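Structure at a glance
These are the residues of each chain, in order.
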Amino acid sequence: MSSMFCFQCEQTAKQTGCTSFGVCGKDPETAVLQDLVVHVCKGLSQIAHKARQYGIVDHDADVYILEGLFTTVTNVNFDQETIAPLVQKGVAIRESLKARLEDAAEKLNNPKPAFNGPSSYQPAKEIDDLVRQGEAINLLNRREELGEDVVGLQELALYGLKGMAAYADHAMVLGVEDDAIYAFFHEALTYLANKPTDINDLTAFVLRVGEKNLRVMEMLDEANTGAYGHPEPTKIRVTPVKGKAILVSGHDLKDLKLLLEQTEGKGVNVYTHGEMLPALAYPELKKYPHLVGNYGGAWQDQRKEFDAFPGAILMTTNCIQKPKNSYKGRIFTSGLVQWPDVEHINDGNFNPVIEAALEAGGFEEDAEPAYTMTGFGHNAVMGVADKVVEAVKSGDIRHFFLIGGCDGAKSGRNYYTEMAEATPDDTVIMTLACGKFRFNKMDFGEVAGLPRMLDMGQCNDAYSAIKVAGALSEAFGVDVNELPLSLVLSWYEQKAVCILLTLLHLGMTNIRLGPTLPAFVTPAIGKVLNETFGLQPIGEVEDDLQTMLRAPA
């Protein structure tokens, strides 16, 4: 068995790192191959960054970086047989671009550009040999060479880039791209390939990742709302209805739209799961009558929930867990997510999913109706901003809490449920991402004519929370940190990391993060983040609540 080291997610073993098998289910060989994909991304970017200085822009290289980094995000691709060719593909793109670059330099009578590090890597042909190559670039070797603080900051930047790549990929799929963002990816990966060691420079660079991610989040918002309209406050059924059924999980709205088109008139009901719940608020998606509601909760409960679901399941992006044999024959993957021996659909033709749904039993009867609300994106909330501002000025709304982020299986996440329950009746709870499943079916009532709980969407929709905070800041003429707003965030994987970096770039202070701080944030890094931004781990619910209510933020 090969050696691995991975500490990029919140649930990493013993809060130090997974060394024999990933808590996520990733085997050591897959982990090492993913490290190799990142290495290839760095090497390709070294060439692409230099090529851009000669006016050479290669879209294949740009897209490879997004897909390569997204592939290595937690709970995306567990299939060695598809990761190994990705290594070869990246090197092929790199060598083709390198030849163009050398040709351009020669035409200008410039010396041939010199490179070292990842850009000179040559891949082995067999998987076993690729694994051995991957073991040689283990970050433990780099940590021994450069120290844990330096490598911790390098990895903080890298994980931010991984999350950013996921969001940029979602936007790209819907036709929204920005060449300046591609240029930054190449610049950033080149920077990391050169093994920077200056702590101050690394810290500043981490915040640059947050700055660029703000633009990517804006692009994704533009992509989603441009394709499907602005989310509208919508009452969502969360109990099954009689009939054949397909469950769609992950994050990809385009795949859901294609599936809805292909299931029209087929007698199959479609349900969302996990982070797909907010899809039910988009006008161009909710118009389909056979999109009947949401089934289940957050990603970590999928093995139990998928097992009980009497239909076909489509996993569109990250958050997949090892399928049980009981449903392995009726779960499908699309996009970048893959699992060994699970049928993958890469052409947008979901007929196999539909056939599996028709063969399955389906729900035999209607369940007792129950509902939740979603669709409170920035367009909806800012549409009633005048009422919100007036309610704050009159004292009807005392405070805003953003309680959300990634959910997970590890203990300590009941904090978020208890915090939501403890918030006073004259406060508003904004939430987003799958962390909302800890409390989104509870009845929090209303305040100032608004629901007290406002579900702003997926983790992909964090831009909405930023837009609302900015609008409130402008309306009151104060800095965002002077607003009666507190951020209480849960994190699990790399998309949460890039959102946090964006919040820090925007200067938001006193954020509470949990259930634990990242393992790659060393005590020294944590001290800097606390002293500079007031970033702190969650504590006891009542103590944290009273502190937040006493302060503007």
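See the structure shown above.
Below is a summary of the structure that appears in this document. The structure presented is a predicted model; accordingly, all values stated were derived computationally and were not measured. (Residues numbered from 1 in each chain as written. Predicted model: local features only at pLDDT ≥ 70, side-chain atom pairs only at ≥ 80, totals over all residues. Heavy atoms only, no water.)

1. Details of helix H9 (residues 253–263)
Buried residues of H9: Leu253, Asp255, Leu256, Lys257, Leu259, Leu260 and Thr263, and no others. Where H9 begins, the side chain of Asp252 points an oxygen toward the backbone nitrogen of Lys254, at a separation of 3.1 Å. Trailing H9 by a residue or two, Gly265 shows a phi angle of about 75 degrees, which is positive. (Buried < 20%, exposed > 50% of the residue type's maximum accessible area, 1.4 Å probe, protein only. Helix = DSSP H or I, 4+ residues; strand = E, 2+ residues; numbered from the N terminus. Polar contact = N/O pair within 3.5 Å; in protein donor to acceptor, adjacent residues only side chain to side chain.)

2. Regarding the layout of surface pockets
By volume, the largest pocket is sized at about 520 Å³. Taken together, 29 residues make up the lining of the largest pocket; nearest its centre are His39, Lys42, Ile137, Leu139 and Arg142. Residue assignment for the lining of the largest pocket shows that the elements contributing at least two residues are helix H1 (28–52), helix H5 (139–146), helix H6 (148–173) and helix H7 (179–193). Split by residue class, the lining of the largest pocket holds 13 nonpolar, eight polar and eight charged. (1 Å grid on protein atoms, 1.4 Å probe; cavity = no way out; pocket = protein on both sides within 12 Å on 5 of 7 lines; lining within 4 Å. Points joined across faces, edges and corners; volume = space filled by probe spheres on them. Nonpolar A, V, L, I, M, F, W, Y, C, P; charged D, E, K, R; others polar.)

3. A closer look at the packing of aromatic side chains
Inspection of the entire model under this criterion finds 18 aromatic pairs. A ring pair is formed by Phe309 and Phe363, whose centres lie 5.6 Å apart and whose planes are at 80 degrees; its orientation type is edge-to-face. Here Phe309 is found in the loop between helix H11 (302–308) and strand E5 (312–315), whereas its partner Phe363 is found in the loop between helix H12 (351–359) and strand E8 (371–374), with 54 residues between them in sequence. Exposure class is identical for Phe309 and Phe363. Each is buried. Centroid distance Tyr415 to Tyr416: 5.2 Å. Interplanar angle 80 degrees. Geometry classified as edge-to-face. (Phe/Tyr/Trp six-rings, centres within 6.5 Å; stacked < 30°, edge-to-face > 60°.)

4. Observations regarding the pairing of strand E9 (residues 399–405)
The buried fraction of E9 is high, at seven of seven residues. Bridge count for E9 against strand E10 (residues 427–431) is four bridges, and the pairing is parallel. Looking across to E10, one finds that His399 is bridged to Thr427. Of the crossover connections in this fold, the one passing from E9 over helix H15 (residues 414–422) to the parallel E10 is right-handed. As paired elements, E9 and strand E14 (residues 485–490) share six bridges and run parallel to each other. Looking at E14, one finds that Phe400 is bridged to Leu485. (Pairing = 2+ DSSP bridges. Right-handed = clockwise from strand over helix to strand, strands pointing away.)

5. Examining H15
Turning to H15, its buried residues are Tyr415, Tyr416, Thr417, Met419 and Ala420. Turning to H15, the residues buried within the fold contact E9, E10, E14, strand E15 (512–514) and helix H19 (541–550). (Contact = heavy atoms within 4.5 Å.)

6. So, the sheet that holds strand E7 (residues 344–345)
Pairing in this open sheet of six strands is parallel, and the strands run E4-E3-E2-E5-E6-E7 from one edge to the other. Whereas interior strands pair on both sides, the edge strands pair on one side only; in this sheet they are strand E4 (291–294) and E7. The sheet contact formed by strand E2 (residues 244–249) and E5 spans four bridges and is parallel. Among the inter-strand pairings, Val248 is bridged to a residue of E5, identified as Leu314. Running at roughly 135 degrees to E2, H12 makes contact with E2, strand E3 (268–272), E5, strand E6 (331–334) and E7 of the sheet. (Axes fitted to C-alpha atoms, helices over the stretch in contact; angles between N-to-C directions.)

7. Description of the nonpolar core
By size, the foremost hydrophobic cluster in this structure holds 147 residues, and its most contacted members are Leu69, Leu161 and Phe185. A total of 14 residues in this core trace back to one element, the largest contributor, which is H6. Excluding residues that lie within four positions of it along the chain, Phe185 makes contacts with Ser45, Ile65, Leu66, Leu69, Leu161, Met164, Ala165 and Ala168. Judged by nonpolar contacts, the second largest core, of 26 residues, contains Tyr228, Leu260, Ala279 and Leu291. (Core = buried A, V, L, I, M, F, W, Y, C linked by side-chain atoms within 4.5 Å.)

8. Quick look at the sheet that holds E15
Reading across the sheet, the six strands line up as E13-E10-E9-E14-E15-E16 and stay open at both edges, with parallel pairing between neighbours. Each of the sheet's edge strands pairs with one partner strand only, and the pair in question is strand E13 (453–455) and strand E16 (536–537). Its contacts with the sheet place H15 against E9, E10, E14 and E15, and it is angled at close to 155 degrees to E14.

9. Some points on the pattern of salt bridges
In this structure the tally under the stated criterion is 24 salt bridges. The residue Glu187 makes a salt bridge to Arg208 at a minimum N-O spacing of 2.7 Å. You can see Glu187 sitting in helix H7 and its partner Arg208 sitting in helix H8 (residues 199–228), a full 21 residues away along the chain. Residue classification places Arg208 among the partly exposed residues on the basis of a relative accessible area of 28%. Between Lys527 and Glu531 there is a salt bridge, with the nearest N and O atoms lying 2.6 Å from each other. Residue Lys527 and its partner Glu531 are located together in helix H18 (residues 523–533), separated by four residues, close to a single helical turn. Taken as a pair, Lys527 and Glu531 share a single burial class, namely exposed. Three or more residues joined by partner-sharing salt bridges are found here, namely Glu10, Lys410 and Arg413. (Salt bridge = Lys/Arg side-chain N within 4 Å of Asp/Glu carboxyl O.)

10. Quick look at a negative patch on the surface
Taken together, the side chains of Glu418, Glu421, Glu540, Glu542 and Asp543 make up a negatively charged region of the molecular surface. Listed by contribution, the elements that provide at least two residues to the negative patch are H15 and H19. Within the element layout of this structure, Glu421 appears in helix H15. (Patch = residues over 30% accessible without salt bridge, like charges linked within 9 Å, V, L, I, M, F, W, Y side chains within 5 Å. Areas by Shrake-Rupley, 256 points an atom, 1.4 Å probe, with all protein chains shown as cover. Lys, Arg positive; Asp, Glu negative; His and termini not counted. Charge placed at Lys NZ, Arg CZ, Asp CG, Glu CD.)

11. Some details on the packing of H5 against H6
Between H5 and H6, the least distance of the axes is 7 Å, while the angle of their chain directions is 135 degrees. When the axis of H5 is compared with that of H6, the two are oblique. From H5, Leu139, Arg142, Arg143 and Leu146 reach across to H6, where they touch Glu148, Val150, Val151, Gln154, Glu155 and Tyr159. Of the residues that constitute the contact of H5 with H6, the class distribution is five nonpolar, one polar and four charged. (Parallel < 35°, antiparallel > 145°, perpendicular 65-115°, else oblique.)

12. Details of unusual backbone geometry
The omega torsion across Gly514 and Pro515 is 5 degrees, close enough to zero to call that bond cis. The phi dihedral of Lys14 falls on the positive side, at around 55 degrees, and the residue is not glycine. You will see that Asn109, though not glycine, has its phi angle at about 60 degrees, which is positive.

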